[in-house]
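# Summary of structural features
The primary structure of each chain is shown beneath.
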Amino acid sequence: MSVVAQIKQVAANAINQLYNVALQPQDIAVNATKPEFDGDYTVVLFSFVKQLKKSPDALGNELGSYLVENNPDLFASFNVIKGFLNLVITDAYWLGFVQQQSANKQFGTNAGTGKKVMVEYSSPNTNKPLHLGHLRNNFLGWSTAQILKANGNDIVKTCIVNDRGIHICKSMIAWQLFANGATPASTDTKGDHLVGEYYVKFNNEYKKQVDELIAAGKTKEQAEKEAPIMQATQQMLIDWEAGKPDVIELWKTMNSWVYAGFDETYRTIGSDFDKVYYESNTYLLGKDIVQQGLAKNVFYKKEDGSVWIDLTADGLDEKVVMRKDGTSVYITQDIGLAEQRYNEYRADESIYVIGDEQNYHMKVLKLICQKLQLPSADGIFHLSYGMVELPTGKMKSREGTVVDADELVSEMVNIAQLKTEELGKVKDFTPEELQQLNKTIGLGALKFFLLRVDPKKKMIFNPEESIDFHGFTGPFIQYTHARIKSILRKSEVGVTQPEVGSTLLKLEKDLAIQLEVFPSVIAEAANEHDPSKIAIYVFNLAQTFNSFYTQHSITNAEHEEKKTLRLQLAGLTAQVIKTGMGLLGIEVPERM
RNA sequence: GACUUGGUAGCUCAGCUGGAUAGAGCAACUGCCUUCUAAGCAGUAGGCCAUUGGUUCGAAUCCAAUCCAGGUCACCA
């Protein structure tokens, strides 16, 4: 049990004993003691002063005395200042903690919950390459899954590929018109980028045709509808749905190019899935559920034959769930897919990592599933994340202002390479080792940059300023790890027991306190689906270690027992950094 | 217009289930490499926590209103 949990427990018991008032541990507010006061943890007394009819001072002294007297292993002393009961934890407790956990390779991870959680992330369209926004989505989803796993859940990572629809047809039409049979091989271009080029070409041509039609006297609306390239695209979508062989053939070919490109990108960034769904296989799902919904009177049919649900009683609108021509709309597919996934995996929770522009849609989806009483309904959780914006505003693929994922990754690796060369600390590395190191650092910087902020918040990326390698960054933490490993290579971690009476220096204790909290941080990050909690924690830990490192020598400690303790502290720190960064999908080098 | 999310240092962000004098990083300025990796450490400076009212022992945190910014409100996905 964590120190904080123990304090809450014994404090609640103490109050029961002393005043015969029943309090639950969670009713006790325990904070880290502010640095300017003497103590490690602080119980805030104000909340029960009134209830117990005691002055804060008297209550603090009585409670403090009782706690120290009855828990001599845990508390060394206490002091009371203005309604705050500051508690000093015994050095023996921290020493015991460090010794015990420095041998525990699983430290921080929590026991199995038996819960199965499905995490859907990265749902790319197959008409263009991945961009910075996809990276945030990917890293968030992958990391959240990893954190939930560390917290004892069974995880299924999944992805729905939007491989059909009007957007793909746009690239296909443009390819037919302008490509002269170009292929990734013939142009030496990554497949997703090649297809993306034709998506851009489509939009340029479309704009040109619309402008011409407007110049010829059409209204904007007419022009947009009548532009020949758009009409051809719409016809192609109809042909696709009809299964016209040459269209299907082209569609398969171009998608295969894109998948080869995506696979390469996913491999580089370390993203993977247990199960991939394709929209071309799922877009017809959900129609039978619409029929059931009609039978249950959850849905109703309008005169024109379209099917609706009325959500006005829940503060939302009326939504279409099936068009008058009997084809399904987006949300219908989503209901169908939710149901199919549930039938296949029976997940207790199903997390959708999707941008906040779809907040309303996801709310509607969950509500409809609940009204249909689908077993998957209550487990739906929308992990909504804010858009990544440029200083100039939103990224727009049509305007070419997107930050390309592949380019950004390779730029990060290049910067890492320059820094590594400049510092010249690993001159004995083989070219392969160097390449690996630069990739670890460059990707680490990028992933940390995207994961360190609260997922809910939109974030701004300035391409002019490259992502930093100093301060609150991935490389800073990686560097701390490499430093520790360097020491550990030179000195075996001993198992000598520090003497009972030995005392901890300020920074030794600070480190121990911070390390002790790691399991709670994982639990919190898991409960809140928030990897930034881990990122912030690991950064603070590395910072504390670096302060400790510059002030106290480890290998030349004052005496052998100190050395053992410090090696244990350093070893545990390295391990927690490695585990924590691993939860973010960031590797940590032995040397850098 | 309705609903919704946010506004904290020059910049990027923590802190938000109420607790002591609001924290980091970057940028700026000072110091520290004959001692375990200076991608580091120590320090200086930088704030009316958007505004106004309320709730109470106590508010950046909770409530209300206002201002500003983003998102959504398609038989698009």
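Residues numbered from 1 in each chain as written. Chains lettered and ligands numbered in written order. Predicted model: local features only at pLDDT ≥ 70, side-chain atom pairs only at ≥ 80, totals over all residues. Heavy atoms only, no water.

### Some words on the pattern of salt bridges
- Per the counting criterion, the structure on display carries 27 salt bridges.
- A salt bridge links Glu-205 to Lys-208; the nearest nitrogen and oxygen atoms lie 3.6 Å apart. Of the two residues, Glu-205 and Lys-208 are both situated in helix H8 (residues 191-215); the distance of three residues between them amounts to about one turn of the helix.
- A residue is classified by how much of its surface remains accessible, and Glu-205, at 16% relative accessible area, is buried.
- Across the pair Lys-371 and Asp-314 runs a salt bridge whose closest N-O atoms are separated by 3.2 Å. Taken together, the positions of Lys-371 in helix H15 (residues 359-371) and Asp-314 in the loop between strand E9 (307-310) and strand E10 (318-322) put the pair 57 residues apart, joining distant regions of the chain.
- According to the relative accessible area criterion, Lys-371 is partly exposed, its value standing at 34%. (Salt bridge = Lys/Arg side-chain N within 4 Å of Asp/Glu carboxyl O. Helix = DSSP H or I, 4+ residues; strand = E, 2+ residues; numbered from the N terminus. Buried < 20%, exposed > 50% of the residue type's maximum accessible area, 1.4 Å probe, protein only.)

### As for the sheet that holds strand E13 (residues 388-390)
- An order of E14-E13-E15 is seen for the three strands of this open sheet, with the pairing classed as mixed. Of all strands in the sheet, those with a lone pairing partner are strand E14 (393-394) and strand E15 (459-460), marking the two edges.
- Both E13 and E15 contribute to a ladder of two bridges, which runs parallel. Note that in E15 the partner of Glu-389 across the bridge is Ile-460. (Pairing = 2+ DSSP bridges.)

### Notes on the sheet that holds E9
- Reading across the sheet, the three strands line up as E8-E9-E10 and stay open at both edges, with antiparallel pairing between neighbours. If you trace the sheet from one side to the other, it starts and ends with strand E8 (300-301) and E10, each paired once.
- Sheet analysis places E8 next to E9, joined by two bridges and oriented antiparallel. Directly across from Lys-301, in E9, lies its bridge partner Val-307.
- Each of E8, E9 and E10 touches helix H13 (residues 287-295); the most contacted strand, E10, lies at about 125° to it. (Contact = heavy atoms within 4.5 Å. Axes fitted to C-alpha atoms, helices over the stretch in contact; angles between N-to-C directions.)

### A few points about the protein's contact with RNA strand B
- Around RNA strand B, the surrounding shell holds 62 residues, and the nearest of these are Phe-84, Asp-304, Lys-425, Tyr-479 and Tyr-549.
- Backbone atoms, meaning sugar and phosphate, make up 62% of the atoms of RNA strand B lying within 4 Å of the protein.
- Between RNA strand B and the protein, one listed contact pairs a sugar or linking oxygen with a side-chain N or O atom of Tyr-479 at 2.3 Å.
- Of all the elements in the fold, those that place two or more residues in the surface near RNA strand B are strand E2 (41-44), helix H2 (46-52), strand E4 (84-89), helix H16 (405-423), E15, helix H18 (474-490) and helix H21 (532-551).
- The element contributing the most residues to the surface near RNA strand B is H21, with eight residues.
- Each residue belonging to the surface near RNA strand B can be placed in one class, and the counts come to 24 nonpolar, 16 polar and 22 charged. (Near = heavy atom within 4 Å. Polar contact = N/O pair within 3.5 Å; in protein donor to acceptor, adjacent residues only side chain to side chain. Nonpolar A, V, L, I, M, F, W, Y, C, P; charged D, E, K, R; others polar.)

### Side note on the domain arrangement of chain A
- Along its sequence, chain A is carved into domain 1 (3-89) and domain 2 (165-270).
- Of note, the centres of domain 1 and domain 2, computed from C-alpha atoms alone, are 68 Å apart. (Domains from an automatic or database assignment.)

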